[in-house]
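Residue-level structure breakdown
Single-letter residue listing:
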Amino acid sequence: MKKVVSLVMAALLCMSALAGCSSTDGTSSTGGSSTTGGSSAAQTEGTGMSGAITVISREEGSGTRGAFVELMGVETDDGDMTTENAEIANSTSLVQNTVSGNKNSIGYISLGSYDSSAVKAVKVDGVEATVENIKAGKYAVSRPFVLCYKEENLTDLGKDFIKFILSAEGQAIVSEEGYITVNDEAESYTASGLTGNLSLNGSTSVGPVMEVLAEAYMGLNSGVTIDIQQTGSGTGITATIDGSCEIGMSSREIKDEELSQGLTAENIALDGIAVIVNQENTVEDLTSEQIRQIYTGEVTDWSEIG
Amino acid sequence: MKNKLKETVMHVVFFLTACVSIAAVLIICVYLLGNGIPTIAEIGLENFFGITWKPSKDLYGIVPFIVGSIYVTAGAIVVGVPIGILCAVYLAYFCPKKLYKILNPAVRLMAGIPSIVYGFFGLMVIVPVIQQLAGTSGKGLLTASILLGIMILPTIIGTAEPALRAVPGSYYEGALALGATHERSTFSVVLPAAKSGVMSGVILGVGRAIGETMAVIMIAGNQTKMPGGLLDGLRTMTSNIVLEMGYSTGLHRRALIATGVVLFVFILIINICFSLIKRGDKAS
């Protein structure tokens, strides 16, 4: 027994020691790492990508995932068919971090959070993920940002805040933040002079733009405090239903099951979902069909993508 | 008279503070079991202890996560326990005083580092190394085991070192007098004498490893499938709860609480082991 344990330990120590060598080799000379063999050596430059695809997905129930699987056809009548081998990351930044650190990975994130210095967004069906393309309806992967509330719980302040978001000023902020406006001919907003507290809860995708909107609103109405909690679409909607917050934020359509519990929904913006790969990846363009195949596990190697 | 009143008041105050912690445990128990057990009944034992987790299709099999938790914890033991025990022995019996002044605070500092920082360290340092070495995505059982092994070190050292120091000096001196070397007396006489304290440290470390969440989420891959090998991704029970809590509704949410019940049972088992060892120690 003791012998086995010590053998395992020795093996582990050797591995970690080797790991140290290999990482220094890899950084000092580009060709050095090819001696390790296996698929890491198969990453040839210039002649197209190869290597096993690391699929990064969001967790079940995420608004981004819900929209992505629906739009890409990963969701069939049998439910969400995302491959079991997909790595699960539970936030937009973790997806981006993981993809930027792994040559063979692919992921999807909200277009507004896309950082072109860290990762690369691919064209979907030949269309680049840009605000113009989404507005024109050319880019396939987009979804609404929704605010939901209970009519009887909504205060005048809440109403006024929603009015502000849908006004010309509010929509200008939405578009500045990289999202897509829902109303281009919105009227201008005039400060109401209301005071009080407002609580919002919900999607981590909607959260960042909502912070900016709230700041602008508090600048116009000095007596207002807006508290935004970013916990996820599902939590926000539940909190709104049970009355613990006034307005819920969701990055997916509100389900009928939730609407039937007395919620009213209001679309405030559109968001594209960028399909992202590592910057060293030579693939520029994927069809929706290829993305579907990658995410359902039908295609598992970059060499299968021409 | 006045003193007596003071005495009684303070008695009540101390009693109440003692009650707070007990009440907290009780409330958590009642809440977990009250929510979890009806949920497990609703889902059905066969479904709940199945191997497929797909909430969108009403499949709530948590066995892959139970196995994941056990694998990761076992991995952490393999990596962390030998290093931890040897380190404790070194600190207690071999370390020069000057070095001890640096090492001891360093080990204590390790315990204070937030787990999310460990997770980030794993993501930025261990993951790329495994990626290069194995040609996989770098996230998985091996990465999680190494990181958790590091994370449980302070727990093990912190309990084992005082236990080693508490061994009466006569044991060590007796061994020396019989002609054993310093090393031999330490490893063959003192270490076995401190066995129960060292084991307590190991078990506390196991508790820490099985309950660890944030760091594991970042480096384990979190796939819902049954873990297949050392380089495969896996998901632990704690990660499952945190990953999906934010967006879950209805039965899905309650299934996560039920996962918590299973985790709670595991922690209970670990704590019972801990007390048994302590009791065994006293009896001997």
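Basis of the calculations
For every chain, the first residue of its written sequence is number 1, and the numbers climb from 1 along that sequence. Whichever chain is written first becomes A and whichever ligand is written first becomes 1, with later ones labelled in order. pLDDT decides what is reported in this predicted model: residues at 70 or higher carry local features, side-chain atom pairs at 80 or more are listed and counted, and totals for whole chains, interfaces and linings draw on all residues regardless. Side-chain descriptors were evaluated using all non-hydrogen atoms of the structure, hydrogens and water having been removed beforehand. To qualify as a helix, a DSSP run of H or I must reach at least 4 residues; to qualify as a strand, a run of E must reach at least 2; elements of each kind are numbered from the N terminus. Categorising residues by exposure relies on relative accessible area from a 1.4 Å probe, with only protein chains included: less than 20% of the type maximum marks a residue as buried, more than 50% marks it as exposed, and the intermediate range marks it as partly exposed. Contact between two residues is taken to exist if any of their heavy atoms lie within 4.5 Å; hydrogens are not considered. Values of accessible area rely on a 1.4 Å probe in the Shrake-Rupley scheme; residue burial ignores everything except the protein chains shown. The charge count includes Lys and Arg as positive and Asp and Glu as negative, but it does not include His or the ends of the chains. Where a charge lies is defined by one atom per residue type, namely NZ (Lys), CZ (Arg), CG (Asp) and CD (Glu). Confidence scores here are pLDDT values: one per residue, from the predictor, ranging 0 to 100. Counted as a polar contact is a pair of N or O atoms within 3.5 Å, where, for protein atoms, one must be capable of donating a hydrogen and the other of accepting one, and residues adjacent in sequence contribute only when both atoms are in side chains. By salt bridge we mean one thing: a side-chain nitrogen of Lys or Arg within 4 Å of a carboxyl oxygen of Asp or Glu. For every element, the axis is a line fit to its C-alpha atoms; helices are fit only across the contacting stretch, and the angle between N-to-C directions ranges from 0 to 180 degrees. Roughly parallel means an angle under 35 degrees; roughly antiparallel means over 145; roughly perpendicular covers 65 to 115; every other angle is labelled oblique. When the near helix sits turned anticlockwise from the far one by under a right angle, the crossing is termed left-handed; a clockwise turn instead gives a right-handed crossing. Residue type decides the class: Asp, Glu, Lys and Arg count as charged, Ala, Val, Leu, Ile, Met, Phe, Trp, Tyr, Cys and Pro as nonpolar, and the leftover types, Gly among them, as polar. By the convention used here, strands pair only if DSSP detects at least 2 bridges between them.

The subject of this paragraph is the overall build of chain B. From N to C terminus, chain B includes 13 helices and two strands. C-alpha extents for chain B along the principal axes are approximately 75 × 70 × 30 Å. Scored against the burial criterion, the 284 residues of chain B give a buried share of 46%. For chain B, restricting intrachain contacts to residue pairs at least 6 apart in sequence, the fraction spanning at least 24 positions comes to 72%. Counting only carbon and sulfur atoms, one obtains 72% of the accessible surface of chain B, whose full area is about 14000 Å². If the 21 positive side-chain charges of chain B are averaged to one point and the 11 negative ones to another, these points end up 8 Å apart.

Confidence in the prediction for chain B averages 90 pLDDT; 98% of positions are at 70 or higher. Scored as a whole, the predicted complex attains pTM 0.73, and scored at its interfaces, ipTM 0.71.

Residue and element names in this part refer to chain B. With respect to the helices and strands, the residue Ser200 is situated in helix α10 (residues 195-211). Classification of Ser200 as buried rests on a relative accessible area of 2%. Among the polar contacts made by the side chain of Ser200, one reaches the main-chain carbonyl oxygen of Ser196 at a distance of 2.8 Å. Beyond its immediate stretch of four places on either side in the chain, Ser200 contacts Thr159, Phe274, Ile277 and Lys278.

Before going further, it helps to examine the side chain of A:Lys120. Residues and elements named next belong to chain A. Its location among the elements puts Lys120 in strand β6 (residues 120-121). Among the residues examined, Lys120 registers a relative accessible area of 15% and is labelled buried. One polar contact links the side chain of Lys120 to the main-chain carbonyl oxygen of Val283, over a distance of 3.2 Å.

Here we take up the pattern of salt bridges. Evaluated as defined, the whole model comprises 14 salt bridges over all chains. Between A:Asp80 and A:Arg65 there is a salt bridge; the shortest N-O distance is 2.9 Å. One end of the pair, A:Asp80, is in strand β3 (residues 79-80); the other, A:Arg65, is in helix α2 (residues 63-72), and 15 residues separate them in sequence. Each member of the pair A:Asp80 and A:Arg65 is classed as buried. A:Glu87 is paired through a salt bridge with B:Lys139; the nearest N and O atoms lie 3.8 Å apart. On the criterion of chain membership, the pair formed by A:Glu87 in strand β4 (residues 87-89) and B:Lys139 in the loop between α5 (115-134) and α6 (141-151) is interchain, its members lying in two chains. Each member of the salt-bridge network shares a partner with another, and the members are A:Glu289, A:Arg292 and A:Glu298.

Here we come to the interface of chain B and chain A. Accessible area lost during the coming together of the parts is what is often quoted as the interface size. The interface is formed by 36 residues belonging to chain B together with 43 residues belonging to chain A. Remark: the boundary between chain B and chain A carries one salt bridge. Across the contact surface, chain B and chain A share seven residue pairs in polar contact (both at pLDDT 80 or more). With seven residues, α5(B) is the single largest residue contributor to the side of chain B that touches chain A.

What follows is about the packing of helix α5 (residues 156-166) of chain A against helix α7 (residues 207-220) of chain A. All names here are of chain A. The N-to-C vectors of α5 and α7 enclose an angle of 110°; their axes lie 11 Å apart at closest approach. It follows that α5 is roughly perpendicular to α7 by the angle criterion. Taken as a pair, α5 and α7 cross one another with a handedness that is right-handed. Facing α5, whose interface residues are Leu157, Asp160, Phe161, Phe164 and Ile165, α7 presents Met210, Leu213, Ala214, Ala216, Tyr217 and Leu220. Tallied by class, residues from the contact of α5 with α7 come to ten nonpolar, no polar and one charged.

Another aspect to go through is the pairing of strand β12 (residues 247-250) of chain A. Residues and elements named next belong to chain A. What you see with β12 is no split at all: Ile247 and Met249 on one side and Gly248 and Ser250 on the other are buried throughout. Here strand β8 (residues 142-150) runs beside β12; their pairing, made up of four bridges, is antiparallel. Bridge pairing in β12 places Tyr149 opposite Ile247. As judged from the three bridges shared by strand β10 (residues 196-202) and β12, these two strands associate in the parallel manner. If you follow Leu200 over to β12, its bridge partner there is Ile247.

With that out of the way, let us pick up α2(A). Residues and elements named next belong to chain A. For α2, a buried count of seven out of ten residues is recorded, marking the element as mostly surrounded by other parts of the structure. When we look at burial in α2, the residues that qualify are Gly63, Thr64, Arg65, Ala67, Phe68, Val69 and Met72. Once α2 finishes, Gly73 follows within two positions and takes phi at roughly 75°, a positive value.

Attention now goes to the environment of B:Ile152. All names here are of chain B. Looking at the secondary structure, you find Ile152 in the loop between α6 and α7 (153-165). Of the residues examined, Ile152 reaches a relative accessible area of 1% and is grouped as buried. Taking the C-alpha atoms as reference, Ile152 lies 23 Å from Val190; in sequence the two are 38 residues apart. Setting aside its immediate chain neighbours within four residues, Ile152 contacts Ala76, Gly80, Gly205, Arg208 and Ala209.

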